[in-house]
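# Coordinate inspection notes
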Amino acid sequence: MGRRGLGIFPEGNLILQVVFALVIGGMAAGVSGGLASMPLVWVGWIVATVIPMSFRFVLEGSQASLVMAAMLVTYAVVLFAFSRNAFRAFKQSVRDRLTAASETQGRVRAEAELERFFAQSNVLLAVADSHGIFRKVNPVWEKILGFPAEDLLSRPFIEFVHPSDFADTQVELEKLREPGHQTQNLLNRYRCKDGSYRWLQWNAVNDPQGSLAYVSAVDVTDQQEIERLKEQFISTASHELRTPVTAINASLKLLASGLTGTIPLESARMVQIAERNS
């Protein structure tokens, strides 16, 4: 082949041929590196570019040409290895981004479903911070208590509690600041916008960090009123029943004492028995 160059490489100028070889080899390596997952592409590039150029340098016969041939082969292998690793990293990055996007979409769907449940529930639901201030409430609060959400979120909820229930509620609130603590079936009266009070039965759990509490409550005012009426009826009935029994007992004692006159012995014995059992 003499000193004739190959293809587009300038004849008779070995240095310029090396520069061309490195430039074209780099471009080819970049392309093949982009397809590094396809080894046949890299083999094709080696056969079409690196081997002819390396063979050309070997034919020159000089020590410099041999060094150039070795450098070209080494350059091609190293660049390919680097490109292959870079491509792997790129594929992993794309895979990670797709995974993150999928997780984000799943989280968005879950949050949307939770928001619908939160808004449509008939139970009073809320999220409170460690200072006892509601950060989020569902629409049922306004429906039952009459306060708009802005009022409920603007101050500690302990301020809405009936004065008689304040101490017990405050104790439970202090416990609720402990990470993971659970409150179950706490009863207290909560003030409405019109000044009346509703009985609420509370359940709450604090998160593991102790920064937020997740609260649910149900309005048990009607049940409490029924219990009050039952107790009132029992008390009234008991009193009304005790009144005639007391009068009968007093009459029996009077007869047994003999102050009303002497009664037959058999009758006196019956009066004593009745008195003891009245």
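Heads up: the structure comes first, above all this text.
Residues numbered from 1 in each chain as written. Predicted model: local features only at pLDDT ≥ 70, side-chain atom pairs only at ≥ 80, totals over all residues. Heavy atoms only, no water.

### Let's talk about empty space enclosed by the protein
Rule in force here: The way it works is a 1 Å grid over only the protein atoms, where trapped points that fit a 1.4 Å probe form a cavity and open points with protein on both sides within 12 Å along at least five of seven lines form a pocket, and then any residue with an atom within 4 Å of a point lines it. Grid points are joined across faces, edges and corners, and a volume is the space filled by probe spheres set on the points. Put simply, DSSP H or I for four residues or longer makes a helix, DSSP E for two residues or longer makes a strand, and each gets a number counted from the N terminus. Ten residues, namely Ala, Val, Leu, Ile, Met, Phe, Trp, Tyr, Cys and Pro, are considered nonpolar, four, namely Asp, Glu, Lys and Arg, are considered charged, and the remaining ones, Gly among them, are considered polar.
Counted according to the given criterion, the structure contains three cavities of 30 Å³ or more. Reported here for the largest cavity is a volume of approximately 120 Å³. Along its surface, the largest cavity is lined by Phe157, Thr169, Glu172, Leu173, Leu176, Thr183, Leu186, Asn188, Trp202, Asn203, Ala204 and Val215. Among the elements of the structure, α6 (166-176), β3 (182-191) and β4 (197-206) are those that each provide at least two residues to the lining of the largest cavity. The biggest single contributor to the lining of the largest cavity is α6, with four residues. When its residues are assigned to classes, the lining of the largest cavity shows seven nonpolar, four polar and one charged.

### A few points about the packing of aromatic side chains
What counts here: When two rings of Phe, Tyr or Trp (its six-membered ring) have centres within 6.5 Å they constitute a pair, described as stacked for plane angles under 30 degrees, edge-to-face for angles over 60, and tilted for the intermediate range. Only protein chains enter the accessibility calculation, which uses a 1.4 Å probe; a residue is then buried when its area is under 20% of its type maximum, exposed when over 50%, and partly exposed in between.
Taken as a whole and judged by the stated rule, the model has eight aromatic pairs. On the basis of an interplanar angle of 20 degrees and a centroid distance of 4.9 Å, the ring pair of Phe134 and Phe157 is categorised as stacked. Of this pair, Phe134 sits in strand β2 (residues 134-137) while Phe157 is found in the loop between α5 (149-152) and α6, placing the two residues 23 residues apart along the sequence. The burial state of Phe134 is the same as that of Phe157; both residues are buried. Centroid distance Phe147 to Phe160: 5.1 Å. Interplanar angle 70 degrees. Geometry classified as edge-to-face. Taken as a pair, Phe147 in the loop between α4 (140-145) and α5 and Phe160 in the loop between α5 and α6 lie far apart in primary sequence, 13 residues in all. With respect to burial, Phe147 and Phe160 carry one shared label: buried.

### Notes on the pattern of salt bridges
Going by this rule: Salt bridges are defined by distance alone: a side-chain nitrogen of Lys or Arg within 4 Å of a carboxyl oxygen of Asp or Glu.
Applying the stated criterion across every chain yields a total of six salt bridges. For the salt bridge of Asp129 with Arg135, the shortest nitrogen-to-oxygen distance reads 2.6 Å. For Asp129, a relative accessible area of 11% gives the class buried. A relative accessible area of 51% places Arg135 in the exposed class. Arg155 is the partner of Glu159 in a salt bridge, and the nearest nitrogen-oxygen pair spans 3.9 Å. Given the relative accessible area of 42%, Glu159 is considered partly exposed.

### Some details on the pairing of β3
Inclusion rule: In short, DSSP must find at least two bridges between two strands for them to pair.
Of the strand pairs in this sheet, β3 and β4 are connected by nine bridges, and their pairing is antiparallel. By the bridge assignment for β4, Asn188 is matched with Leu200. As consecutive antiparallel partners, β3 and β4 are separated by five residues, and within that stretch Gly195 has a phi angle of approximately 95 degrees, a positive value.

### Some words on the nonpolar core
In plain terms, the rule: Residues grouped as a nonpolar core are buried Ala, Val, Leu, Ile, Met, Phe, Trp, Tyr and Cys residues, joined through side-chain atoms within 4.5 Å. In what follows, residue pairs with any heavy atoms lying within 4.5 Å of each other are defined as contacts.
Ranked by size, the top nonpolar core spans 25 residues in total, and within it Phe134, Trp141, Tyr190 and Trp202 carry the most contacts. Among the elements of the structure, β1 (124-129), β2, α4, α6, β3, β4 and β5 (212-219) are those that each provide at least two residues to this core. Those residues in contact with Phe134 that sit more than four places away from it in its chain are Ala126, Val127, Ala128, Trp141, Leu152, Leu153, Phe157, Tyr190 and Trp202.

### A closer look at the side chain of Thr183
Rules: For the purposes of these results, a polar contact is taken to be a pair of N or O atoms within 3.5 Å, where, inside protein, one atom must be able to donate a hydrogen and its partner to accept one; residues adjacent in sequence count only when each atom of the pair is a side-chain atom.
Structurally, the position occupied by Thr183 is in strand β3. Looking at Thr183, its side chain comes within polar contact range of the side chain of Glu172, at 2.7 Å. Discounting chain neighbours no more than four positions away, the residues touching Thr183 are Glu172, Leu176, Trp202, Asn203 and Ala204.

### Description of the layout of surface pockets
For the largest pocket, the calculated volume is near 200 Å³. What lines the largest pocket is simply Leu114, Glu115, Phe117, Phe118, Leu125, Ala126, Val127, Lys136, Tyr214, Val215 and Ser216. When residues of the lining of the largest pocket are traced back to their parent elements, those giving at least two are α3 (63-120), β1 and β5. Examining the composition of the lining of the largest pocket, we find that four residues originate from one element, α3, more than from any other. In terms of residue class, the lining of the largest pocket is built from eight nonpolar, one polar and two charged.

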